[in-house]
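# Notes for the structure review
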Amino acid sequence: EDQVTQSPEALRLQEGESSSLNCSYTVSGLRGLFWYRQDPGKGPEFLFTLYSAGEEKEKERLKATLTKKESFLHITAPKPEDSATYLCAVQPTQGAQKLVFGQGTRLTINP
Amino acid sequence: SAVISQKPSRDICQRGTSLTIQCQVDSQVTMMFWYRQQPGQSLTLIATANQGSEATYESGFVIDKFPISRPNLTFSTLTVSNMSPEDSSIYLCSVDGQYNEQFFGPGTRLTVL
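Residues numbered from 1 in each chain as written. Chains lettered and ligands numbered in written order. Predicted model: local features only at pLDDT ≥ 70, side-chain atom pairs only at ≥ 80, totals over all residues. Heavy atoms only, no water.

### Brief notes about the interface of chain B and chain A
Contacts between chain B and chain A engage 22 residues on the former and 20 residues on the latter. Carbon and sulfur atoms make up 50% of the surface buried where chain B meets chain A, a total of about 1,600 Å² over both sides. Counting the surface chain B buries against chain A, the share from its top three residues, B:Ser42, B:Asn100 and B:Phe104, is 30%. For the interface between chain B and chain A, the tally reads one salt bridge. Between A:Lys98 and B:Glu58 there is a salt bridge; the shortest N-O distance is 2.7 Å. The tally of links between chain B and chain A comes to eight residue pairs in polar contact (both at pLDDT 80 or more). Mapped onto the side of chain B that touches chain A, the elements with two or more residues apiece are strand S4 (31-37), strand S5 (43-50), strand S9 (89-96) and strand S10 (102-104) of chain B. Per-element accounting of the side of chain B that touches chain A gives the leading share, four residues, to S4(B). The residue makeup of the side of chain B that touches chain A, split by class, is 10 nonpolar, eight polar and four charged. (Contact = heavy atoms within 4.5 Å. Buried area = accessible area lost by both parts, 1.4 Å probe. Salt bridge = Lys/Arg side-chain N within 4 Å of Asp/Glu carboxyl O. Polar contact = N/O pair within 3.5 Å; in protein donor to acceptor, adjacent residues only side chain to side chain. Helix = DSSP H or I, 4+ residues; strand = E, 2+ residues; numbered from the N terminus. Nonpolar A, V, L, I, M, F, W, Y, C, P; charged D, E, K, R; others polar.)

This is how it looks when you write it as structure tokens:
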């Protein structure tokens, strides 16, 4: 069964304090791994797609990396506006482009 | 990325009634998806809707409870039938992008009393 586990469930940082969020996955075949940001009361906002181990993507203070078993979302010198829930999802090769989501990491950046 | 709107944005309904949620996209898309996000939980796929064919439902979801329409390439509806308090959730539609990513609408927050 395809499964995604994110850790930690919640993370509280001071502004400027860098850290990483973890996404571990089990999937029969990986078409892609996706990171999303979700603000309260809104739908998920697409951030990155990673396709193969060793791949990295960057956007402003965020960098996503991928290995064969997990992905990391690194946040460098975060600001309060980076506070959100970050969701990781995998897309198996079997099945019509469904996304299997993890539970998310609720990130709070204190000023 | 596509711009997606949903109606209604929120509703409070009585048990035993039905609610139809609309999803409108500003461009033609091949696949549309419906997800459920229960309180404090992550997203779970309900079904995939392609234009001109029957929706494909995930395990645990049935057409009688969640009928879906996809009349054209920019619009879809999800009906939550014979509702119970356990159906209280956020319902999200999404569309496929150019590189297998999905773009999500703002969601419909449903409360069943």
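### Side note on the side chain of A:Thr105
Relative to the helices and strands, A:Thr105 resides in strand S11 (residues 105-110). The contact partners of A:Thr105, leaving out residues within four places of it in the chain, are A:Gln6, A:Ser7, A:Pro8, A:Glu9, A:Leu11, A:Leu21, A:Ala84, A:Thr85 and A:Tyr86.

### Looking at the packing of aromatic side chains
Evaluated as defined, the whole model comprises eight aromatic pairs over all chains. Taken together, a centroid distance of 5.8 Å and an interplanar angle of 75 degrees make the contact between A:Phe46 and B:Phe103 edge-to-face. With A:Phe46 in strand S5 (residues 45-50) and B:Phe103 in strand S10, this pair bridges two chains. What makes B:Phe103 buried here is its relative accessible area of 15%. Members of the aromatic cluster, each reached through a chain of ring pairs, are A:Tyr36, A:Phe46, A:Phe101, B:Tyr35, B:Phe103 and B:Phe104. (Phe/Tyr/Trp six-rings, centres within 6.5 Å; stacked < 30°, edge-to-face > 60°. Buried < 20%, exposed > 50% of the residue type's maximum accessible area, 1.4 Å probe, protein only.)

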